[in-house]
Amino acid sequence: MTSSPVPSPDGHRFACQIINARGIDEIWVSDVARPGFRRLGADPNADSYGPLWSPDGKRIAYTRHGKDGRDGIYVQDADGGEAKRILKPEAEDVVYFSGSWLPDGSALLLTRTEPGHASLAMLPLTGVETDSSRVRPLLPSTANQFSPTLSRDGRLLAFGSDESGKGVTYVAEFHPDGTTGRPVEVKTSGADYRWSADGKTLFVVDDRRRLMKVAVITAPELSLSAPTEVHDFEKLKIAMWTVFPDGRFFVGLKNENEDDITRYDLVLNWTAELKRKMRAAR
């Protein structure tokens, strides 16, 4: 896998990215109880990124990126069939990445990237392909913002931002019309996060690869608890992770060749050494 697994709303399946032999990212789906990967669809000329299940678990949205006129956000039935483009970017160097569906399936929250900047956006879904004129900015900022992730009930929005100079997670109240409350900063570094099913806890991986949990209080106003450690992903050699609806963690472990570097070999006069080895090999 090249991305963390993304569980379906009922927790029975998951989707992920897998690189094929040609170095192209593809979307694959598997059952949890009976693992057996099935390719959702593939384009030999483009990468497919960021699978995202619809609230009813019947469709998957993702980004197609091949630097050609067919790029954009696509939606496809989770069981296969034809992929349909729902958003065409306004320029070749603009890429949209799926972030979250609204609970009623009426819109998608996206990350919009262009050279030098990333921002949040909301795309109302019409059932047909549309251009970027329907995309609405979400929480406009001069800072880079990314990965808008709604709680299951759609009332809370988590997102990453580098406003403080490094990647940090924020939480804000979210309203169906795309307006938000004042963002509150999670008091730990890192912008790799997942919601618990009940939306009362946000899990965040900090810069030291520790999994932290933050309690989210919504009344009388939005506030966040101090982060507390759940697991040390570095010690456990966990490379990717997600949280299933029943609260279980689903993780991917590092291979042996993915451990930290423990030794460096320094070769002086390496060109002379290379010539010597080549002469010896003749």
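Preceding block: the structure.
Values in this document were obtained by computation on a predicted structure and should not be read as measured data.

J.: What should I look at first to understand the side chain of serine 100 in this one?
T.: Within the element layout of this structure, serine 100 appears in strand 9 (residues 95-101). One polar contact links the side chain of serine 100 to the main-chain amide nitrogen of leucine 150, over a distance of 2.8 Å. When near neighbours in sequence (up to four residues on either side) are disregarded, serine 100 contacts Leu52, Ala107, Leu108, Leu109, Pro148, Thr149 and Leu150.

J.: Would you mind showing me how to read the pattern of salt bridges here?
T.: Oppositely charged side chains may form a pair once their charged atoms are brought near each other. Enumeration over the complete set of coordinates arrives at 16 salt bridges. In this structure, the salt-bridge partner of aspartate 43 is arginine 64, at a minimum N-O distance of 2.9 Å. You can see aspartate 43 sitting in the loop between strand 4 (38-41) and strand 5 (47-53) and its partner arginine 64 sitting in strand 6 (residues 59-65), a full 21 residues away along the chain. Arginine 64 sits in the buried class, given a relative accessible area of 3%.

J.: What should I look at first to understand the nonpolar core in this one?
T.: Nonpolar side chains tend to gather and get buried jointly when the protein is soluble and globular. Formed by 26 residues in total, the largest nonpolar core has its most connected members in Leu109, Leu157, Val171, Phe174 and Leu202. Of all the elements, strand 15 (residues 156-161) adds the most residues to this core, at four residues. Excluding anything up to four places from it in sequence, leucine 202 contacts Ala158, Thr169, Val171, Val186, Tyr193, Arg194, Trp195, Met212, Lys213, Val214 and Val216. The next biggest cluster of nonpolar side chains, apart from the first, holds 14 residues, and it includes Ile73, Leu87, Trp101 and Val135.

J.: I tried to follow the environment of leucine 222 on my own but got confused; where do I start?
T.: With respect to the secondary-structure elements, leucine 222 resides in the loop between strand 20 (210-217) and strand 21 (223-224). The exposure class assigned to leucine 222 is buried, which follows from its relative accessible area of 9%. Remark: the alpha-carbon pair of leucine 222 and glutamate 173, spanning 49 residues in sequence, is separated by 7.4 Å. The residues touching leucine 222, leaving out its near neighbours within four places in the chain, are Leu156, Val171, Ala172, Glu173, Arg182, Val184, Val216 and Ile217.

J.: Would you mind going over unusual backbone geometry with me for this structure?
T.: Excluding glycine, a negative phi dihedral is what most residues carry, and trans is how most peptide bonds are arranged. In this model, alanine 219 is joined to proline 220 through a cis peptide bond whose omega is 0°. Assignment of secondary structure puts proline 220 in the loop between strand 20 and strand 21. Positive phi is not limited to glycine here, since lysine 237 has a value of about 60°. If you trace the backbone, lysine 237 turns up in the loop between helix 1 (233-236) and strand 23 (238-243).

Scoring rules and cut-offs
- Residues numbered from 1 in each chain as written.
- Predicted model: local features only at pLDDT ≥ 70, side-chain atom pairs only at ≥ 80, totals over all residues.
- Heavy atoms only, no water.
- Helix = DSSP H or I, 4+ residues; strand = E, 2+ residues; numbered from the N terminus.
- Polar contact = N/O pair within 3.5 Å; in protein donor to acceptor, adjacent residues only side chain to side chain.
- Contact = heavy atoms within 4.5 Å.
- Salt bridge = Lys/Arg side-chain N within 4 Å of Asp/Glu carboxyl O.
- Buried < 20%, exposed > 50% of the residue type's maximum accessible area, 1.4 Å probe, protein only.
- Core = buried A, V, L, I, M, F, W, Y, C linked by side-chain atoms within 4.5 Å.

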